[in-house]
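# Observations on the three-dimensional arrangement
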Amino acid sequence: MGETINYHAVPYTVRDDLVSAQNKAWKQISESGAWLDGRKRLDVAREVRKAWDCGLCGRRKEALSPNAVDGDHDSATDLNAAEIEIIHRISTDPGRLSETWLKRETKAGAVGEEAYIEMISVICMVMVIDRFAEALGQAEFPLPEPVAGEPSGYRAPGAKMHGAWISLVEPEDAAPEDGVLYVSEESAAGVVKALTLAPDAKRAYWDLGDAHYIPHDKVFDFDLDARAISRSQIEVVAARVSAVHQCVY
Amino acid sequence: MLRASIRKAGTEYDYSAITGKVRGDGGIPHAQLLADFGEAITVRDKAKTAEMRDALVETLGEAGMVDAAGVAAAFHGNVRVADATGAPPPLRGDIEKAKAFQEEVGIDEFYGARNS
């Protein structure tokens, strides 16, 4: 497969493993997942990009509460209203999401819990790749063409409610058919468990995330010397980005 | 993770710099520049991002700037996974101490903390 993503147009050398991870993720976005086919996953990606110049999202960001502003989103696809609301809100205003909001958007059944989890994975993969490119002065990469295929419909059988807003798989509930969900005890942090209802979606996102940050099973290894900046410097960047997002986690 | 990495390094840092209450590097070389780079990427200020990028290449080298960009990008995903799923914050150990730390840094003023 030819590489869709490369950084030849910018004057910086990007690690090979990072470029490979981005290309792998780009391909995964175009392929059928467990609950969304390739065409729909690419529609999710298009809406992630569209959300940034959506008038309603802009007005909500300025408002004291996002619930105070009604209207229709500017959309780029024919996804249903609940799907577009979910994609735009997660993309542009994640720090003010709530369980009440999620229940309202999923109540009518237009978006199921499994599809919601897979959408988060796609949204976050697009977000990571687009923001990294922009950070280096690289223009957005064109989205790939969809790959034909049917969703598998796989839901991890051990997924249950455990204090988050969605069902997830605790390590002791993981089934062999889930594949590897947790590579170590350290890799079972709450945020890592969050997408385990859809195991492939979870792995796809964290494989990409790990290539940009550090492998999540090594987060407590403070002697790890895998990057060109120190661990404290890494965490300063992570903490500031999280704070600007108003992320309590 | 920041607190743990600083304890491990045996250095000093004013954590309220995370939320921009104070400015400075503390004991972490170029911490302010790195934080400013992360913030510029997050608010999508392309001019500021370019300015910080050049400054980081000069101070930390190209590979350091690229890795900092990678971390900033990764946390655009990580925060959304946490916020969109309601993953409970990892308040380990002494909960009262953890809450006091959130207050000191200014995390208690975040929308999600006020409404949880």
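Before reading on, note that the structure itself is shown above.
## Concerning the overall build of chain A
When you go through chain A residue by residue, the secondary structure sums to nine helices and two strands. Reading the helices (α) and strands (β) of chain A from amino to carboxyl end gives α-α-α-α-α-α-β-β-α-α-α. Radius of gyration (C-alpha) of chain A: 18 Å, near the 18 Å computed for a compact globule of 249 residues. Dimensions of chain A, computed from the C-alpha atoms along their principal axes, are close to 50 × 45 × 40 Å. Looking at chain A alone, contacts between residues at least 24 apart form 68% of all its contacts between residues at least 6 apart.

## Section: the interface of chain B and chain A
Taken together, the 59 residues of chain B in the interface contact 60 residues of chain A. The set of elements that each furnish at least two residues to the side of chain B that touches chain A consists of α1 (2-9), α2 (31-42), α3 (46-60), α4 (62-85) and α6 (111-114) of chain B. Top contributing element to the side of chain B that touches chain A by residue count: α4 of chain B, with 23 residues. Split into classes, the residues belonging to the side of chain B that touches chain A amount to 35 nonpolar, 17 polar and seven charged.

## Here's the deal with the nonpolar core
Nonpolar side chains in soluble globular proteins tend to be buried together. I120, I123, M125 and V237 of chain A together with A68, A69 and A72 of chain B are the most contacted members of the largest nonpolar core, which totals 106 residues. The greatest single-element share of this core, amounting to 16 residues, is contributed by helix α6 (residues 113-135) of chain A. Beyond its immediate stretch of four places on either side in the chain, A68 of chain B contacts I229 and V237 of chain A together with L34, F37 and L56 of chain B.

## Regarding unusual backbone geometry
Residues other than glycine seldom take positive phi values, yet Q246 of chain A does so here, at roughly 60°. Structurally, the position occupied by Q246 of chain A is in the segment after α9 (231-244). The phi angle at H30 of chain B is positive, at roughly 60°, despite the residue not being glycine. As for its position among the elements, H30 of chain B is in the loop between α1 and α2.

## Things to note about the packing of α2 of chain B against α4 of chain B
Residues and elements named next belong to chain B. Relative to each other, α2 and α4 sit at 50°, their axes nearing to 10 Å. By the angle between their axes, α2 is oblique relative to α4. In the crossing of α2 with α4, the sense of the turn from one axis to the other is right-handed. Judged by residue contacts, L34, F37, G38 and I41 of α2 engage A68, A69 and A72 from α4. Looking at side-chain class alone, the contact of α2 with α4 contains six nonpolar, one polar and no charged residues.

Criteria and thresholds
- Residues numbered from 1 in each chain as written.
- Chains lettered and ligands numbered in written order.
- Predicted model: local features only at pLDDT ≥ 70, side-chain atom pairs only at ≥ 80, totals over all residues.
- Helix = DSSP H or I, 4+ residues; strand = E, 2+ residues; numbered from the N terminus.
- Rg over C-alpha atoms; globule rule 2.2 N^0.38 Å.
- Contact = placed C-beta atoms within 7 Å.
- Nonpolar A, V, L, I, M, F, W, Y, C, P; charged D, E, K, R; others polar.
- Core = buried A, V, L, I, M, F, W, Y, C linked by C-beta atoms within 7 Å.
- Buried ≥ 20, exposed ≤ 12 C-beta atoms within 10 Å, placed from the backbone.
- Axes fitted to C-alpha atoms, helices over the stretch in contact; angles between N-to-C directions.
- Parallel < 35°, antiparallel > 145°, perpendicular 65-115°, else oblique.
- Left-handed = near helix turned anticlockwise from the far one by under 90°.

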